[in-house]
Amino acid sequence: MPLTSTSCSMNYMLSSIFSHCQRTITWWAMLDITIIAIAAFFAGILNAIAGGGSFLTFPALVFVGVPPIPANATSAVAVFPGYLSSAAGFLAEIRDFHRRELYFFLGLSVLGGVLGAVLLLVTPSEVFSFIVPWLLLLATLLFAFDKKIRAWAKSDEHVNPVGKTAATLAVTTYGGYFNGGLGIVLLSLFSGLGFRDMNLMNGLKNILSFILSGASVATFLIAGIVYLKEASIMMIVAALGGYVGAKISRKLPVSVIRTIVIVVGLGMTLIFFVQT
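Regarding the overall build of the chain
Here comes step 1: Helices and strands together make up the secondary structure of the chain, namely twelve helices and zero strands.
Here comes step 2: In sequence order, the chain lays out its α and β elements as α-α-α-α-α-α-α-α-α-α-α-α.
Here comes step 3: Total accessible area on the chain stands at roughly 14500 Å², and carbon and sulfur atoms take up 71% of it.

Rendered as structure tokens:
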């Protein structure tokens, strides 16, 4: 009898511990989902108004335990659909743009997106972890000084075709590797190439972002480094955030949103520098 009683007690204790662990795991899983959902929602709002959503999605994924390289890939998937809806607002300008030049930019976007993604895949994890704070700092500075950068890049001179190709490929490759601040870099590129129509520049920025992100996302998915559950949740919630952001943009000054993005970007940069 004592042996049977002891066995029952042991079984009960183990069952209680297992049940407690299950509850703890479920609680942590729900907390992780809540964190990435909140980050995606506000990222959608930011992207709809001023950009900078990746300052939230990427750190949130790292915070919940996703390794830096898969986190970067998963973040790219999460914000990817928003570029298409943004481009839709500039269809008239895109339709009127020279077809040959449009195909030139789209082709380099596909090539750059794949090259950037492949470059990320072959980057050692410890190396990427080291350069992440610098990439976040670069993206934050690009966002903070975008007008000055575009003014500096502005050119009315004839652009050498080789230089134009090299510059476009470099920018799209950066976008495939790490898309933080991509919009500002693309607008600076267009200014440097002599573009002046801001609506056309924004339309090209959004359609090129969509195409190169699509190429990089496809590469990441084939490589199997995307956390699909997290990406799916963030895509849906980011879309909702984008809808809300479109409403907010009519009431809240863009300068306020820009300040928030810059503060968040600098804060995330500091955190990643401390962790490195």
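What follows continues from the structure just given.
Remarks on helix α10 (residues 198-223)
Here comes step 1: Look at α10: 37 Å from first C-alpha to last across 26 residues, which is about the 38 Å you get at 1.5 Å a residue.
Here comes step 2: For α10, the capping residue at the N-terminal end is D197, with a side-chain oxygen 3.0 Å from the backbone nitrogen of N199.
Here comes step 3: The positive-phi residue at the C-terminal boundary of α10 is G224, with phi of around 75°.

Section: the pattern of salt bridges
Here comes step 1: Summed over all chains, the structure comprises one salt bridge.
Here comes step 2: A salt bridge links E101 to K164, with the nearest nitrogen and oxygen atoms 2.6 Å apart. Here E101, found in helix α5 (residues 99-122), pairs with K164, found in helix α8 (residues 161-177); they are 63 residues apart in sequence, far enough to count as distant.

A closer look at the packing of aromatic side chains
Here comes step 1: All chains considered together, the criterion is met by twelve aromatic pairs.
Here comes step 2: Relative to F105, the ring of F97 has its centre 6.4 Å away and its plane inclined at 25°; by these criteria the two rings are stacked. F105 matches F97 in its accessibility class, with the two residues each being buried.
Here comes step 3: Ring-pair connections join several aromatic residues into one group, and the members of that group are F97, F104, F105, F190 and F195.

Observations regarding the side chain of T172
Here comes step 1: By secondary structure assignment, the location of T172 is in helix α8.
Here comes step 2: A polar atom in the side chain of T172 sits 3.1 Å from the backbone oxygen of L169.
Here comes step 3: Contacts of T172, omitting those with residues within four sequence positions, involve L108, S109, G112, G113 and L212.

Description of the packing of helix α3 (residues 68-88) against helix α6 (residues 125-144)
Here comes step 1: Their axes nearest at 8 Å, the elements α3 and α6 cross at an angle of 65°. Here α6 runs roughly perpendicular to α3, going by the angle between their axes. Counted together, P68, I69 and N72 of α3 and S125, F128 and S129 of α6 form the full contact between these two elements.
Here comes step 2: Class assignment of the residues belonging to the contact of α3 with α6 gives a composition of three nonpolar, three polar and no charged.

Regarding the environment of S129
Here comes step 1: Structurally, S129 is set in helix α6.
Here comes step 2: Sequence separation between S129 and I69 is 60 residues, and the spatial gap between their C-alpha atoms is 8.1 Å.

Quick look at the nonpolar core
Here comes step 1: Counting 66 residues, the largest nonpolar core has F128, F190, F195 and F220 as its most contacted members.
Here comes step 2: No other element matches the ten residues that α3 contributes to this core.

Notes on the environment of P81
Here comes step 1: Structurally, the position occupied by P81 is in helix α3.
Here comes step 2: The partly exposed category is assigned to P81, whose relative accessible area is 32%.
Here comes step 3: In sequence terms P81 and S213 are 132 residues apart; their C-alpha atoms lie 9.2 Å from each other.

Here we look at the layout of surface pockets
Here comes step 1: Taken as a whole, the second largest pocket encloses approximately 210 Å³ of empty space.
Here comes step 2: Lining the second largest pocket, in full, are I35, A39, L56, P59, A60, V62, F63, M268, I271, F272 and Q275.
Here comes step 3: Breaking the lining of the second largest pocket down by element, the ones donating at least two residues are α1 (2-49), α2 (54-63) and α12 (254-275).
Here comes step 4: Broken down by element, the lining of the second largest pocket gets its largest block of residues, five residues, from α2.
Here comes step 5: Looking at side-chain class alone, the lining of the second largest pocket contains ten nonpolar, one polar and no charged residues.

Quick word on α6
Here comes step 1: The end-to-end C-alpha separation of α6 is 28 Å, in line with the 28 Å expected for 20 residues at 1.5 Å each.
Here comes step 2: Its maximal kink placed at I131, α6 deviates by approximately 35°, while the proline P133 follows within four residues.
Here comes step 3: Residues of α6 that are buried: F128, V132, P133, L135, L136, A139, T140, L142 and F143.

Calculation criteria
- All residue numbers refer to position in the chain's written sequence, counted from 1.
- Reporting in this predicted model follows two pLDDT cut-offs: at least 70 for local features of residues, and 80 or more for side-chain atom pairs to be given and counted; totals over whole chains, interfaces and linings ignore these cut-offs and use all residues.
- Derived side-chain values reflect all non-hydrogen atoms in the structure, with water molecules and hydrogen atoms excluded from consideration.
- Strands are runs of DSSP state E lasting at least 2 residues, helices are runs of H or I lasting at least 4, and numbering of each runs from the N terminus.
- Only the protein chains shown count as cover for residues, and the accessible areas themselves come from Shrake-Rupley with a 1.4 Å probe.
- What a helix is expected to span follows from its residue count: subtract one and scale by 1.5 Å.
- Any pair of nitrogen or oxygen atoms within 3.5 Å is treated as a polar contact; in protein, a donor-acceptor pairing is required on top of that, and neighbouring residues in sequence qualify only through side-chain atoms on both sides.
- Salt bridges are counted wherever a side-chain nitrogen of Lys or Arg sits within 4 Å of a carboxyl oxygen of Asp or Glu.
- Any two of the Phe, Tyr and Trp rings considered here, Trp counted by its six-membered ring, make a pair once their centres fall within 6.5 Å; the pair's planes then place it as stacked at under 30 degrees, edge-to-face at over 60, or tilted in between.
- Exposure classes here rest on a 1.4 Å probe applied to the protein chains alone. A residue is buried below 20% of its type maximum, exposed above 50%, and partly exposed in between.
- By definition in these notes, contact holds between two residues if any of their heavy atoms fall within 4.5 Å.
- Note on geometry: axes are lines fitted to C-alpha atoms, helical ones only across the stretch in contact, with angles between N-to-C directions running from 0 to 180 degrees.
- Relative orientations are named as follows: roughly parallel for angles under 35 degrees, roughly antiparallel for angles over 145 degrees, roughly perpendicular for angles from 65 to 115 degrees, and oblique for any other angle.
- Note on residue classes: Ala, Val, Leu, Ile, Met, Phe, Trp, Tyr, Cys and Pro are nonpolar, Asp, Glu, Lys and Arg are charged, and everything else, Gly too, is polar.
- Put simply, buried Ala, Val, Leu, Ile, Met, Phe, Trp, Tyr and Cys residues joined by side-chain atoms within 4.5 Å make one nonpolar core.
- Whether a set of points on the 1 Å grid over the protein atoms alone is a cavity depends on a 1.4 Å probe fitting there but being unable to get out, while an open set qualifies as a pocket with protein on both sides within 12 Å along at least five of seven lines; lining residues are those with an atom within 4 Å of a point.
- Grid points are joined across faces, edges and corners, and a volume is the space filled by probe spheres set on the points.
- Note on bend: at a given residue it equals the angle between the axes fitted to the 7 residues ending there and to the 7 starting there.

Treat this as a map of the structure, not an account of what it does.
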